[in-house]
Amino acid sequence: MNLKNTLSILALAAFAFSCNQFKVTEAEDGSKIQYHAKGEGDQSPQVGDFVTFDLKIMSDVDSVFKDTWAEGAPLEIPLPEPEFKPSFESALQYLHVGDSATVFVSADSLFGRIGQPLPPGVSPGSELKFLVSLKGIKTAAQFEESMQEKRNAEGDVIAEFVGENLEGATKLENGIYYTTEKAGSGATVAQGDTVEVSYVGKFMDGNVFDENESFQFPVGMGYVIKGWDEALKTMKVGQKSTFVIPSQLGYGDRGAGPIAPFTPLVFDIELKKIGRK
């Protein structure tokens, strides 16, 4: 085979691969899937398995409703029984670990099933696009085992992080660590006080999951996680501190949004005002 023929074959192969990237396949249950990358695994998730994946949900005109890549943390959820087919949940059962694909779901079917009107930016008869990258699959037993391991290791994870990042940190009896960048003045926050703070919430890898320049709430009344109530009781007006809050004072074994179960959290907090009860 001469060089010219070899190059021609390679060009045809590249063209075929490029075309397949844009081809939308339809599964037996009607799920419409456009594959972008194929993983090397041969395991597909079943109902009840715990799946870990990044997800970006878009309208047909690319308005973004959710983006875990931007949020900094993938989802990890038990795969539910699909409420209707074809759906995103039913399409997930055709993917393998390492696969990247776009799943197309009827907006009318999805919002009709949950009894809600189409949101702004979503047209009747259109399809939502679920861009998904499947990262992992665990059985319920494997998930429980991994959670137990994470639970047992959390204390060591926090101690290592504090040792490397928060020199001279103070540890409270409840397990919270903190350092103070700027001292405050006046009285310390008390139970029932209404405070105004600015804050940045981060994971230990530095990814930000939440921030606010002005947030007000009464302390000790259940408006925030318990770790925040405890942290604020160490602060005075003008104080800037960094707190490491263990999961039992945060979102515990359930997690919330991008926050996985048994995840310690880092908060940079500045106390701006105290309103006495």
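The model shown is predicted, which means the values in this text are computed figures rather than measured ones.

Caption draft 1: Representation of the pattern of salt bridges in the model. Inspection of every chain in the model, using the stated rule, returns eight salt bridges. Asp-54 serves as the salt-bridge partner of Lys-135, at 3.5 Å between the closest nitrogen and oxygen. Of the two residues, Lys-135 sits in strand β7 (residues 127–138) while Asp-54 sits in strand β3 (residues 50–58), which places them 81 residues apart along the sequence. A relative accessible area of 44% places Lys-135 in the partly exposed class. Residues Glu-196 and Lys-273 are paired through a salt bridge, measuring 3.9 Å at the closest nitrogen-oxygen approach. Of this pair, Glu-196 sits in strand β10 (residues 194–202) while Lys-273 sits in strand β13 (residues 265–275); the two residues are 77 residues apart in sequence, bridging distant segments of the chain. On the basis of relative accessibility, which here comes to 53%, the residue Lys-273 falls in the exposed class.

Caption draft 2: Structural view of the sheet that holds strand β9 (residues 177–182). If you trace the six strands from one edge of the open sheet to the other, you get β8-β9-β12-β13-β10-β11, paired in antiparallel fashion. Since the sheet does not close on itself, it has two edges, and those belong to β8 (170–171) and β11 (208–218), each with one partner. Of the pairings in the sheet, the one linking β10 to β13 comprises nine bridges and is antiparallel in character. Within the sheet, the bridge partner assigned to Glu-196 lies in β13 and is Lys-273. Of the strands in this sheet, β9, β12 (240–245) and β13 are in contact with helix α5 (residues 140–165), which crosses β12 at around 155°.

Caption draft 3: Local environment of the packing of aromatic side chains. Under the criterion given, the structure shown has twelve aromatic pairs. Geometrically, the ring pair formed by Phe-88 and Phe-130 is stacked, given 4.9 Å between the ring centres and 20° between the ring planes. Here Phe-130 lies in strand β7 and Phe-88 lies in helix α3 (residues 88–92), a separation of 42 residues in the sequence. Judged by its relative accessible area of 8%, Phe-88 is buried. Classification of Phe-130 as buried rests on a relative accessible area of 7%. An aromatic cluster of three or more residues is present, and its members are Tyr-199, Phe-203, Phe-209, Phe-215, Phe-217, Trp-228 and Phe-267. Seen from the ring of Tyr-35, Lys-38 lies directly overhead, with NZ or CZ sitting 4.2 Å from the centre.

Caption draft 4: Geometry of the environment of Ser-109. Relative to the elements of secondary structure, Ser-109 occurs in helix α4 (residues 107–113). Taking C-alpha positions, Ser-109 is 9.1 Å from Pro-86, a pair spaced 23 residues apart along the chain.

Caption draft 5: Quick look at the environment of Asp-205. Tracing the sequence through the fold places Asp-205 in the loop between β10 and β11. On the accessibility criterion, Asp-205 (58% relative accessible area) is exposed. Along the sequence, Asp-205 and Val-195 sit ten residues apart, while their C-alpha atoms lie 28 Å from each other. Within the structure, Asp-205 has its side chain in polar contact with the backbone nitrogen of Asn-207 (distance 3.0 Å).

Caption draft 6: Geometry of the nonpolar core. Formed by 25 residues in total, the largest nonpolar core has its most connected members in Val-197, Trp-228, Leu-232, Phe-267 and Ile-269. Broken down by secondary-structure element, the contributors of at least two residues to this core are β10, β11, α6 (226–232), β12 and β13. If you tally residues by element for this core, the top one is β13, at four residues. Excluding residues that lie within four positions of it along the chain, Val-197 makes contacts with Asn-212, Glu-213, Ser-214, Phe-215, Phe-217, Trp-228, Leu-232, Ile-269, Glu-270, Leu-271 and Lys-272. Counting 24 residues, the second-largest nonpolar core is a separate cluster that includes Leu-75, Phe-84, Val-122 and Phe-130.

Caption draft 7: How the structure looks around the pairing of β13. Bridge count for β12 against β13 is six bridges, and the pairing is antiparallel. Looking at the pairing, Thr-242 lines up with Asp-268 of β13.

Caption draft 8: Structural detail: α5. Between its first and last C-alpha atoms α5 spans 35 Å; for 26 residues at 1.5 Å apiece the expected length is 38 Å, and the two agree. Taken as a whole, α5 carries its principal kink of about 45° at Ala-153. Of all the residues in α5, the buried ones are Phe-143, Ser-146, Met-147, Glu-154, Ile-158, Phe-161 and Val-162. Those residues of α5 hidden inside the fold are in contact with β3, β5 (75–78), β7, β9, β12 and β13.

Caption draft 9: Here's a closer look at the environment of Gly-155. Its place among the elements puts Gly-155 in helix α5. With 91 residues separating them in the primary sequence, Gly-155 and Pro-246 have C-alpha atoms 8.1 Å apart.

Caption draft 10: Just the confidence of the model for the chain, in detail. With 92% of its residues at a pLDDT of 70 or more, the chain shows a mean pLDDT of 91. Of the regions scoring below 50 in pLDDT, residues 3–7 engages in one contact with residues more than four places distant in sequence or in other chains. In the predicted structure, residues 9–19 sits below a pLDDT of 50 and forms one contact with residues beyond four places in sequence or in another chain.

The rules behind these values
- Residues numbered from 1 in each chain as written.
- Predicted model: local features only at pLDDT ≥ 70, side-chain atom pairs only at ≥ 80, totals over all residues.
- Heavy atoms only, no water.
- Salt bridge = Lys/Arg side-chain N within 4 Å of Asp/Glu carboxyl O.
- Helix = DSSP H or I, 4+ residues; strand = E, 2+ residues; numbered from the N terminus.
- Buried < 20%, exposed > 50% of the residue type's maximum accessible area, 1.4 Å probe, protein only.
- Pairing = 2+ DSSP bridges.
- Contact = heavy atoms within 4.5 Å.
- Axes fitted to C-alpha atoms, helices over the stretch in contact; angles between N-to-C directions.
- Phe/Tyr/Trp six-rings, centres within 6.5 Å; stacked < 30°, edge-to-face > 60°.
- Lys NZ or Arg CZ within 6 Å of the ring centre and 35° of its normal.
- Polar contact = N/O pair within 3.5 Å; in protein donor to acceptor, adjacent residues only side chain to side chain.
- Core = buried A, V, L, I, M, F, W, Y, C linked by side-chain atoms within 4.5 Å.
- Expected span 1.5 Å × (residues − 1).
- Bend = angle between axes of the 7 residues up to and from the residue.
- pLDDT = per-residue confidence, 0-100.

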